[in-house]
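Observations on the model geometry
The residues making up each chain are set out below.
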Amino acid sequence: AQSVTQLDSHVSVSEGTPVLLRCNYSSSYSPSLFWYVQHPNKGLQLLLKYTSAATLVKGINGFEAEFKKSETSFHLTKPSAHMSDAAEYFCAWIGGYNKLIFGAGTRLAVHP
Amino acid sequence: GAGVSQTPSNKVTEKGKYVELRCDPISGHTALYWYRQSLGQGPEFLIYFQGTGAADDSGLPNDRFFAVRPEGSVSTLKIQRTERGDSAVYLCASSFEAGPGLAPTDEQFFGPGTRLTVL
């Protein structure tokens, strides 16, 4: 069955250092993949999406992700973390009828 | 413009009671989704409306859960005989449908959720 797996439940970085949040997918075809961010008491916000165009996808707030079919990965990166990036991040893919299938989430902590 | 709104933001109820959760989608969005997010988990799909009809309700966990969208805008998720295991954040999302019979565009806009606690 198609699914996404987020490899880390928690990631902690220092402000100004790079961020890497890992997501692997399992699918027999190239799916549409997404990264969402969830700040406390806020709705999920779309960071970026891959829909089989360019494999390197740029999103909001300096985030980007690279679709690697050979590795079945769609990792989220940012060159320099900011305190405001502290949040929960979800990788997701599109199932039938456009329903989103989410991973379990990665909580990103950013320390001064 | 206004985003997706959900009311109430918090709901505390007792086991066995009936609850209704409301979602107001973005104006003009014909597709509406309900998800449930348990503590420490990613959101899980419950039901999808295309206009007034439920096109996919495969995520509803059992017959205590049902949802309506009578006029194709506001939706209500209804839970009968609540159980402690129903405690979660219930999220609503909406998206734009490009045209009659066409699938919604990919981006779903989420509301802030309703936190349901069943004591």
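Residues numbered from 1 in each chain as written. Chains lettered and ligands numbered in written order. Predicted model: local features only at pLDDT ≥ 70, side-chain atom pairs only at ≥ 80, totals over all residues. Heavy atoms only, no water.

A few points about the overall build of chain B
Quick note on the threshold: Helix and strand assignments follow DSSP, with helices taken as H or I runs no shorter than four residues and strands as E runs no shorter than two, numbered in order from the N terminus. With C-alpha atoms as the basis for the radius of gyration, the globule rule is written as 2.2 Å multiplied by the number of residues raised to the power 0.38. The buried label applies to any residue whose accessible area, calculated with a 1.4 Å probe on protein chains only, is under 20% of its type's maximum; exposed applies above 50%, and partly exposed to all values in between. By definition in these notes, contact holds between two residues if any of their heavy atoms fall within 4.5 Å. Accessible areas in this description were obtained via Shrake-Rupley with a 1.4 Å probe; residue shielding takes into account the shown protein chains only.
For chain B, the count of helices and strands is zero helices and 11 strands. Helices and strands in chain B line up, N terminus first, as β-β-β-β-β-β-β-β-β-β-β. In summary, chain B has a C-alpha radius of gyration of 14 Å against a globular reference of 14 Å for 119 residues, a match within 12%. Here the C-alpha coordinates of chain B stretch approximately 45 × 30 × 25 Å along the principal axes. Every one of the 119 residues in chain B was classed for burial, and the buried ones make up 47%. Long-range contacts, defined as pairs at least 24 residues apart, comprise 56% of the intrachain contacts of chain B with a sequence gap of at least 6. When the accessible surface of chain B is summed, it comes to about 5,600 Å², and 49% of that surface belongs to carbon and sulfur atoms.

Some details on the overall build of chain A
Let me state the cut-off plainly: Counting rule for charge: Lys and Arg are taken as positive, Asp and Glu as negative, and neither His nor the chain ends is counted. We put the charge of a Lys on NZ, of an Arg on CZ, of an Asp on CG and of a Glu on CD.
Helix and strand content of chain A: zero helices and 12 strands. For chain A, the sequential pattern of α-helices and β-strands runs β-β-β-β-β-β-β-β-β-β-β-β. For a compact globule of 112 residues, the expected C-alpha radius of gyration is about 13 Å, and chain A comes in at 13 Å, within 12% of that figure. Considering only C-alpha atoms, chain A reaches an extent of 40 × 30 × 20 Å along its principal axes. Residues counted as buried form 44% of the 112 residues belonging to chain A. Relative to all contacts within chain A whose residues are 6 or more apart in sequence, the contacts with residues 24 or more apart total 55%. Only carbon and sulfur atoms are counted for the fraction: they give 52% of the accessible area of chain A, which is about 5,300 Å². Charge centroids of chain A, computed over 9 positive and 7 negative side chains, lie 8 Å from each other.

A word on the pairing of strand β12 (residues 106-111) of chain A
All names here are of chain A. Which entries qualify depends on this criterion: Strand pairing follows a simple DSSP-based rule, namely that at least 2 bridges must link the two strands.
Only one face of β12 is buried: it carries T106, L108 and V110, and the other face, with R107, A109 and H111, is open. Note: strand β2 (residues 10-14) against β12, five bridges, orientation parallel. Within the sheet, the bridge partner assigned to V13 lies in β12 and is V110. Pairing of strand β10 (residues 87-94) with β12, which is carried by three bridges, proceeds in the antiparallel orientation. Across the sheet, residue E88 finds its bridge partner in β12, namely R107.

Quick word on the interface of chain A and chain B
Note the cut-off: Accessible area, probed at 1.4 Å, shrinks when two parts are joined; the buried area is that loss added up over both. Throughout this entry, Asp, Glu, Lys and Arg are counted as charged residues, while Ala, Val, Leu, Ile, Met, Phe, Trp, Tyr, Cys and Pro are counted as nonpolar. The remaining residues, Gly among them, count as polar.
On the chain B side, the residues contacting the 21 residues of chain A number 21 residues. Roughly 1,600 Å² is buried in total at the junction of chain A and chain B, and carbon and sulfur atoms are behind 53% of that figure. Residue assignment for the side of chain A that touches chain B shows that the elements contributing at least two residues are β5 (33-38), β6 (45-50), β10 and β11 (100-102) of chain A. The biggest single contributor to the side of chain A that touches chain B is β5 of chain A, with three residues. Class assignment for the residues of the side of chain A that touches chain B results in 10 nonpolar, eight polar and three charged.

Here we look at the state of the cysteines
Residue and element names in this part refer to chain A. To keep things clear, this is the line we draw: We call a pair of cysteine sulfur atoms a disulfide whenever their separation is within 2.5 Å.
Throughout the structure, instances matching the rule amount to two disulfides over all chains. One disulfide bridge connects C23 with C91, the sulfur atoms lying 2.0 Å from each other. Note on the C23 and C91 pair: the S-S dihedral is about -65 degrees, so by sign convention the disulfide is left-handed. With a gap of 68 residues between them, C23 in strand β4 (residues 23-26) and C91 in strand β10 connect regions that are remote in the sequence. Of the two residues, C23 and C91, both sit in the buried class.

Describing the pattern of salt bridges
This is how it is decided: Here, a salt bridge means any Lys or Arg side-chain nitrogen found within 4 Å of an Asp or Glu carboxyl oxygen.
Counted under the stated rule, the structure contains nine salt bridges over all chains. D85 of chain A is the partner of K78 of chain A in a salt bridge, and the nearest nitrogen-oxygen pair spans 2.8 Å. On the basis of relative accessibility, which here comes to 10%, the residue K78 of chain A falls in the buried class. Among the ionic pairs, R22 of chain B bridges to D24 of chain B, the shortest N-O distance being 2.7 Å. The partly exposed category is assigned to R22 of chain B, whose relative accessible area is 38%. For D24 of chain B, a relative accessible area of 22% corresponds to the partly exposed category. When salt bridges that share partners are traced, they join R64, E83 and D86 of chain B into one network.

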